Each structure stands twice: as structure tokens, then as C-alpha cells.
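# Observations on the model geometry
Here's the letter readout for the chains.
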2 protein chains.
Amino acid sequence: MEERTEINDLGEFGLIDYLTRNIEIYNASTILGVGDDAAVIDHFGKQTVISTDMLVEGIHFDLMYTPLKHLGYKSVIVNLSDIYAMNATPTHITMSLAFSNRFSLEALNEFYEGVYAACEKYKIDLIGGDTSTSQKGFVISVTAIGEVAPDKFVKRSTAQKGDLLCVSGDLGAAFLGLTLLEREKKIFLENPQVQPDLENQTYVIGRQLKPEARHDIISFLAAKEITPTSMMDVSDGLSSEILHICQQSKLGCVLYEEKIPVADDSRQLAMQLGLDPTACALSGGEDYELIFTMKQEDYDKITLNEEIAVIGYMTEPEAGSHIITRSGNKHTITAQGWNAFK
Amino acid sequence: MEERTEINDLGEFGLIDYLTRNIEIYNASTILGVGDDAAVIDHFGKQTVISTDMLVEGIHFDLMYTPLKHLGYKSVIVNLSDIYAMNATPTHITMSLAFSNRFSLEALNEFYEGVYAACEKYKIDLIGGDTSTSQKGFVISVTAIGEVAPDKFVKRSTAQKGDLLCVSGDLGAAFLGLTLLEREKKIFLENPQVQPDLENQTYVIGRQLKPEARHDIISFLAAKEITPTSMMDVSDGLSSEILHICQQSKLGCVLYEEKIPVADDSRQLAMQLGLDPTACALSGGEDYELIFTMKQEDYDKITLNEEIAVIGYMTEPEAGSHIITRSGNKHTITAQGWNAFK
């Protein structure tokens, strides 16, 4: 039988001590971490970048098919992604949790294994948090703190007409992974004897359950001395994010369907599920890729990087925001992104 | 009939635009606020202090007797209190919410009125957040960011033997306010015809529903050039906080019952409810006063400040942590503080 330790037995402070007993500090800027009213960080003349995200059970994740370790990892990643999307380097996080008494200490421990794995990989210091009970469900709230050289951060509102529109990695896979997991859940609930059929789908499942944040793209752009003119991460879906950049920069854009990067695994699965791969890329969220605009003159510097695709360009606002399909048709881009309120 | 606007009608981005439409910026350090992947703050050579707190419906608050405006106010205050407890000045917050669809736009608006009122009073910039639905209940997660001159922050672990143990304001009132509200709720549930009897109890009710953070104490200490040797805020109860300081500073303490500040209103109500006023002060939480230690030689500087009481002193660890009662008896201090896991 698996071990089960009740969290009640430790109390709040015992729990915090337990969960932070092996905590590692990676940044010299961490003057004071967990264990006081607040943490203290010193940014040595850099600017501080802050972002926060909340993940709610039943809304953002389903524990039926989400291993807690992956959930811990992902809850860090989605926040780091926002810091990278500012062209900044994440350095610290705080992690607050509320959970009902159906969670054991072993379960929380598994969650924190994922949190610490992400912290180690990205050299992030966990410097504080809050733990609490909830009447129902599991709620995770993470705040990420990063640093950037003064005024080197990149906003969404500063794209210029004629800039190239670029995206990293490939899109749609996280949504397809979710679709697959939801399908298998449904089958399982109808007939618990049937084993889930997820073979050969490790790519899309991995993209959904254990995403990464694109620090490599930020490093590459810095090494090539490219400052994006605007940037954000793809959490709600490509079309939704493009419209944010267009609206906030007061521009239009042209996007080419054939240029949108979709992995072979994603394309095949989409077909198999009767879905349009392009629609998955445009409207499926949670890819945590970076979408950015840059000056045309920087184009030569990125051609050899297979992780960056130029998918279109920015136009005057009057032209609107359009996608040119493979067959040459022109459609207005609409935000079909994942909407937590629908 | 009261207006009710469904949040679904706005969508997440419409909601954020709506809730932040009148946002004010008070700090020159706010380079970039709400509306991008992250916010940017510049601390001009100061150290950054970060704290976070989560409030969960049914655990930390009861909407049956908590007006949403007060809840918004309090959710900011409890976080600012942690920053002041570091001897730092809070400057920024992020605010994340999850709420079920029983909340209308008008309800959220009321909540934010309280948030903005606290921000205005304490000159805090709201720079980011996240809004999401929940399956059940209301969850609030706030992260507060502050600044302090390099290495001027005050920890819990640095009290010295012989230091005076001080506390601001008075204690126990917030707990008594909660006891009263819970009593009236019970009566109401048993007989909805009975009107709540809260007359003459505005002080304790106010301390529970609309606490303040003690920035005045921090300013006073700075003006008098007193640097506390250790400090924290009273959120779980005096005895629990004293034990934190003792344990983290590896010291003992002696505390005098007669010196513990309890307001007349609190004392009278406690008697009326058959409660011991000292027990309310020791074990009742949520007063958000500051408890700190300071060198004996600073004593003369605080005697005229009626908002600061010297309640005891720090001893060698072997002596343990004790309270001397009015009748001269000596008891070991135990943490009876409010525990979210009980």
C-alpha cells in the first residue's frame, strides 16, 4: 500500500519546512529566501520584471490525467514563459497553493518535485509562498520575478509597420495533446477496462503536460544582437496573441498559412482526429512558444535557426489582420483562443 | 432590481480592461504596469522585498458577513503588512482571482473598489494579475513587492538576548470581531427574522473586516533612528509569532500579561462572551500589528508613543518562553495561533 501522511499532522509551518527542506539558491541576487514575512532580492541596477498566473483544478488542469509532478513543473514554466516574453531573464518565483484534505503529503511532495525540477533547469530561486486548505480542489498561484537591463524589456505595443512576424518552435501540439487526453478520459469513464491508447503520441502529450519556456530563443536573439520590436508568449493561441500585438501596436498584419510551423506528429494526429492542423495552431493554446516582431534588416541573422519561423509581416492598421490560406484565399483573423470564461 | 452583468459577456481581456480602466500609478519606479506579459519596476539601487498571501473562501473569509469591498481592501492589507514587517516600504502588488459564475461584474467591481482604496491609501501600484473562473468559491492570491535600502531589512532571526519585546496597537480585537460575526451568522441561519445585534461593536468588527497595515510604526521607527533587531506581523496570534521569533533567533523570552495591549472595547466584549481577554490577544490572529524586538538603549525614544507597548524581553534559549500572569504565575507560551490546517 502506498504511504499516506495527513498534512494536518504537520501543521502549516511544519509543512512549509518539509516542502522547502532541500531548497537550492541559484542567484546571487537572492539576499533572503523562504522563512520570513517576505523575501529580499537585489537587482544590482537591473529592472525587475514581475508576472503572475493562477491555475485552477477543473479549469486549467484535470488531475485524472495530469501527474502532479508535471503539474508542478508546468505551473512554474507558464510563469517563466511570461518573463522571457518580456526579453527578460526569470530569477525568482513565489508559489502559493490551496488544496483540500484529499491531498496527502506524498501528493504535495510529488507536486514540489516538479516545481524544484523546473527551478533547477531554469536556475530559478523559490523565495516564498503560502499554503492553505481549500474546501474543494487545488489552486496554484505563481508569481515570477525576472531582471532585464534598464529599458531593454520588450512590450506588445511597439511593433512597427513592415516588421516581420515570427514564431518559435511549432504550434498546436499542446492543444492536440489535450484533445487526446480528454478523449481517453471519456473512454475510460465509459469503460474503465479499456486501457488508454496514447502510443506514438509522446510528442503532443509531452507538449501538453510538460511544456518548456523558450529561454533558448531569448539567448539566441541576444547573441545575434536582435531586439524584437514586440513580443509575447503563445498561451491562448496564435490568432489571439497576434491580435493582441496588432491592437496594442495599432497595426494590421498579413499571415501565411503555409508558414505556420506545425510538427509532423501534430499534423498527422490532427488529420486522424478530423481536425484542421492550421486551426489547431491558430486557436489551440498552451504552446508557450514566443511570438515576436523584428525589423526586416535582421532577417539574415535568423535564417539558419530552424526554431524560428517568419510567418508574416505587420501592415498599416487600415489593412486589418488577415491570413492567406494555402489555396490563396484571404480571411480575417479572429480570436478563437482558449477563453477561460466560455 | 440590482443590475447584474455576466462576466462571460466580457471575456477575460474585456474583464481585465474593465477592472483596470481607472488604475492609478503612484510610484516612479513603475516602468510598465498592467497589460503585457509582465510588469517592470526599477528600484534605483534599493533591494526588492516580495511577499505573497492566498485567501480562500470558506477558509479565510465568509461572504455571508464580509462585504466584497472590505475583502478587496483586506486582501491588499494583509500583504502590505508582511512588507512593513520587513522594515520595508510596499510599492507594488499583483492580484490574481478565481471565482465561480455566481459572481457578477458588479460584485467584482465592488471587490476592486476595496483593492483600489487600499492602493490609494498606501500609494501602491497594482501592476498585474490573473483572472480565472473556479468551479466553486472565490480565491484571492496577492503578491506584494516593496523596497528597502540595501541590507536595512529586518528578519525574524536576529533578536538578541536582553532586547525589549514590543508590539504595536492592541491585540485580540480582530478575533473578537470574527467571534461576534460568527455568532450572528449562526443566529441568522437559525432564524432569518432576527436582525444582527452588532451595535456598539464597530471597533472589533472593523478590526476584523477592514484591518490596516502599520506603516506609521515603520515611519516612526525610522524617524527615531530605531532599527528593530527582529520583526514580524501578527497574523496568526501573538503567542505563535513570539515563538517564531524565539525559535528563529534561538532565544527564550519573558512576557508580562499586564503589558499586553487590549482595547477597552475588546476587553468588555470578551468578558461578555465569557472569553479571557489575554487568551484572545495571545491566540486570536489577524490583528496585523507589528511585533518587534529592539535594544534596551532605544527605550527612551518610544516611551511617548502610545501605539507601542513593551511587553517583555528576550532571554537565553535555555530559559524557555514564558508569560508572567497578573497574579504572578509563570506559564510556558504555546502556539495556540490560528492554524489553517486544523
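Parameters at a glance
- Residue numbers here run from 1 along each chain, matching the order of that chain's written sequence.
- The lettering of chains begins at A and the numbering of ligands begins at 1, in the order of writing.
- Local features in this predicted model are restricted to residues whose pLDDT is 70 or higher, and side-chain atom pairs enter the listing and the counts only when it is 80 or higher, whereas totals over whole chains, interfaces and linings include all residues.
- As a rule here, side-chain values cover all heavy atoms of the structure and leave hydrogens and water aside.
- UniProt positions are given in the numbering used here, feature names are shortened, and annotations may be inferred rather than shown by experiment.
- The convention used is that axes are lines fitted to C-alpha atoms, helices contributing only their stretch in contact, and that angles between N-to-C directions extend from 0 to 180 degrees.
- Secondary structure follows DSSP: runs of H or I at least 4 residues long count as helices, runs of E at least 2 residues long count as strands, and numbering of each begins at the N terminus.
- For classification purposes, an angle smaller than 35 degrees is called roughly parallel, one larger than 145 roughly antiparallel, one from 65 to 115 roughly perpendicular, and anything else oblique.
- The contact definition used throughout considers only heavy atoms, calling two residues in contact when any of these lie within 4.5 Å.
- The classification used treats Ala, Val, Leu, Ile, Met, Phe, Trp, Tyr, Cys and Pro as nonpolar, Asp, Glu, Lys and Arg as charged, and all other residues, Gly among them, as polar.
- When DSSP finds two or more bridges between two strands, those strands count as paired.
- Note on classification: 1.4 Å probe, protein chains only; a residue is buried when its accessible area is under 20% of the maximum for its type, exposed when over 50%, partly exposed between these limits.
- Throughout, the arc means that of the directions going from the helix axis to the C-beta atoms.
- Each helix crossing is assigned a hand: it is left-handed if the near helix lies turned anticlockwise from the far helix by less than a right angle, otherwise right-handed if that turn is clockwise.
- Here the buried area means the combined drop in accessible surface, using a 1.4 Å probe, for two parts upon being joined, counting both sides.
- Salt bridge, as applied in this entry: a Lys or Arg side-chain nitrogen positioned within 4 Å of an Asp or Glu carboxyl oxygen.
- Whenever a nitrogen or oxygen atom comes within 3.5 Å of another N or O atom, the pair is scored as a polar contact, on the condition that within protein one atom can donate a hydrogen and the other can accept it, and that pairs from neighbouring residues in sequence are kept only if both atoms are in side chains.
- Cysteine sulfurs are considered disulfide-paired once they come within 2.5 Å of each other.
- When two rings of Phe, Tyr or Trp (its six-membered ring) have centres within 6.5 Å they constitute a pair, described as stacked for plane angles under 30 degrees, edge-to-face for angles over 60, and tilted for the intermediate range.
- Where each domain begins and ends is defined by an automated method or by a domain database.

In the annotation of an unreviewed UniProt entry, the entry for chain A reads Thiamine-monophosphate kinase, and the organism field reads Chitinophaga lutea. Of the comments in the UniProt record for chain A, the one headed Sequence similarities (unreviewed entry) reads "Belongs to the thiamine-monophosphate kinase family." UniProt, in the comment section headed Function (unreviewed entry), describes chain A in these words: "Catalyzes the ATP-dependent phosphorylation of thiamine-monophosphate (TMP) to form thiamine-pyrophosphate (TPP), the active form of vitamin B1."

## What to know about the packing of helix α4 (residues 173-190) of chain A against helix α5 (residues 202-209) of chain A
Residues and elements named next belong to chain A. Following both chains from N to C, one finds α4 and α5 inclined at 100°, their axes separated by 7 Å at the closest point. Classified by the interaxial angle, the pair formed by α4 and α5 is roughly perpendicular. On α5, the residues that touch A173, A174, F175, L176, G177, L178, L180 and L181 of α4 are Y203, V204, I205, R207, Q208 and L209. Tallied by class, the residues present in the contact of α4 with α5 amount to 11 nonpolar, 2 polar and 1 charged.

## Structural notes on the sheet that holds strand β11 (residues 308-315) of chain B
Residues and elements named next belong to chain B. One open sheet holds the 7 strands; their spatial order is β8-β10-β7-β11-β9-β12-β13, and the pairing between them is mixed. The open sheet is flanked by β8 (230-233) and β13 (330-332), the only strands paired with a single partner. In this sheet, adjacent strand axes meet at a mean angle of 25° when their direction is disregarded. Bridge count for β8 against strand β10 (residues 290-294) is 4 bridges, and the pairing is antiparallel. By the bridge assignment, M232 is partnered in β10 with I291. Running over the sheet, helix α2 (residues 68-84) touches β8 and β10 and is turned about 180° from β8. Most of the contacts of helix α6 (residues 215-223) go to β10, to which it runs at about 20°, and overall it touches β7 (164-168), β8, β10 and β11.

## Concerning helix α8 (residues 264-272) of chain A
All names here are of chain A. Along α8, the residues that are buried comprise S266, L269 and A270. Down the axis, α8 shows its buried residues gathered within 105° of arc, on one side only. Among the exposed residues of α8, those pointing more than 90 degrees away from its buried face are D264, Q268, M271 and Q272. Buried-residue contacts for α8 involve α4, α5 and α9 (277-283). Note on α8: the residue one or two positions beyond its end, G274, has a positive phi of about 75°.

## Some points on the packing of helix α1 (residues 11-19) of chain B against helix α3 (residues 105-122) of chain B
Residues and elements named next belong to chain B. In contact at an axis separation of 11 Å, α1 and α3 are set at 40° when each is read in the N-to-C sense. The angle between α1 and α3 falls in the class oblique. For the pair α1 and α3, the sense of crossing is right-handed. Contacts from L15, Y18 and L19 of α1 reach α3 at L105, L108, N109, Y112 and Y116. Residue composition of the contact of α1 with α3, grouped by class: 7 nonpolar, 1 polar and no charged.

## Some words on the interface of chain B and chain A
With 69 residues of chain B at the interface, the matching set in chain A holds 69 residues. Between chain B and chain A lies a buried interface of about 5,200 Å² when both sides are counted; carbon and sulfur atoms form 58% of it. Counting every contact that joins chain B to chain A gives 4 salt bridges. Among the ionic pairs, R156 of chain B bridges to D37 of chain A, the shortest N-O distance being 3.2 Å. Across the contact surface, chain B and chain A share 16 residue pairs in polar contact (both at pLDDT 80 or more). In terms of residue count, strand β3 (residues 47-56) of chain B provides more of the side of chain B that touches chain A than any other element does, 9 residues in total. Looking at the side of chain B that touches chain A, its residues break down into 30 nonpolar, 25 polar and 14 charged. Here 4 bridges tie strand β3 (residues 47-56) of chain A to strand β2 (residues 39-42) of chain B, and the two strands are oriented antiparallel to one another. Note on β2 of chain B: the bridge partner recorded for Q47 of chain A is D42 of chain B.

## Overview of the state of the cysteines
Within this structure, the stated rule accounts for 0 disulfides over all chains. There is no disulfide at C280 of chain A, and the cysteine sulfur nearest it, in C253 of chain A, is 20 Å away.

## Things to note about the packing of aromatic side chains
Taken as a whole and assessed by the stated rule, the structure comprises 14 aromatic pairs over all chains. For the pair F111 of chain B and F138 of chain B, a centre-to-centre distance of 5.3 Å together with 75° between the ring planes defines the contact as edge-to-face. In this pair, F111 of chain B is assigned in helix α3 and F138 of chain B in the loop between β5 (125-133) and β6 (139-148), connecting sequence segments 27 residues apart. For the pair shown, F111 of chain B and F138 of chain B are each scored as buried. Residues Y112 of chain B and Y116 of chain B carry aromatic rings whose centres are separated by 5.9 Å and whose planes lie at 45° to one another, so their mutual orientation is tilted. Of this pair, Y112 of chain B and Y116 of chain B both sit in helix α3, 4 residues apart, which is roughly one turn of that helix. Judged by relative accessible area, which is 6%, Y112 of chain B ranks as buried. Taken together, the ring pairs in this structure connect F61, F99, F103, F111, Y112, Y116 and F138 of chain A into an aromatic cluster.

## Re the sheet that holds strand β4 (residues 89-99) of chain B
In spatial order, the strands read β1(A)-β2(A)-β3(B)-β6(B)-β4(B)-β5(B); together these 6 strands make up an open sheet with mixed pairing. Unpaired on one side and paired on the other, β1 (30-32) of chain A together with β5 of chain B mark the two borders of the sheet. Strand-to-strand twist in this sheet, taken as the mean axis angle between neighbours without regard to direction, amounts to 20°. The strands touched by α2 of chain B are β3, β4 and β6 of chain B; relative to β3 of chain B, the strand with the most contacts, the crossing angle is about 140°.

## A closer look at the UniProt feature "domain: PurM-like N-terminal" (unreviewed entry) in chain A
This chain's UniProt record puts "domain: PurM-like N-terminal" (unreviewed entry) on residues 35-148 of chain A. Within the segment residues 35-148 of chain A, helix and strand shares are 31% and 39% respectively, and the terminal C-alpha atoms sit 27 Å apart.

## Structural notes on the pattern of salt bridges
Residue and element names in this part refer to chain A. This structure, assessed with the given rule, holds 40 salt bridges over all chains. Here D62 ties to K185 by a salt bridge, and the two come within 2.4 Å at their closest N and O atoms. Of this pair, D62 sits in the loop between β3 and α2 (68-84) while K185 is found in helix α4, placing the two residues 123 residues apart along the sequence. A relative accessible area of 18% means that D62 is categorised as buried. Judged by relative accessible area, which is 21%, K185 ranks as partly exposed. Of the charged contacts, one joins K69 and E113 as a salt bridge, the two residues approaching to 3.8 Å between their closest N and O atoms. Residue K69 is found in helix α2, and its partner E113 is found in helix α3 (residues 105-122); the two are separated by 44 residues along the sequence. With relative accessibility at 41%, the residue E113 sits in the partly exposed group.

## A short note on the domain arrangement of chain A
Residue and element names in this part refer to chain A. Partitioning chain A into structural domains gives domain 1 (7-148) and domain 2 (164-332). Look at where the C-alpha atoms of domain 1 and domain 2 centre, and you get two points 26 Å apart. If you look at the interface, domain 1 gives 19 residues, while domain 2 gives 22 residues. Both sides together, the interface formed by domain 1 and domain 2 hides about 1,900 Å², and carbon and sulfur atoms give 63% of it.

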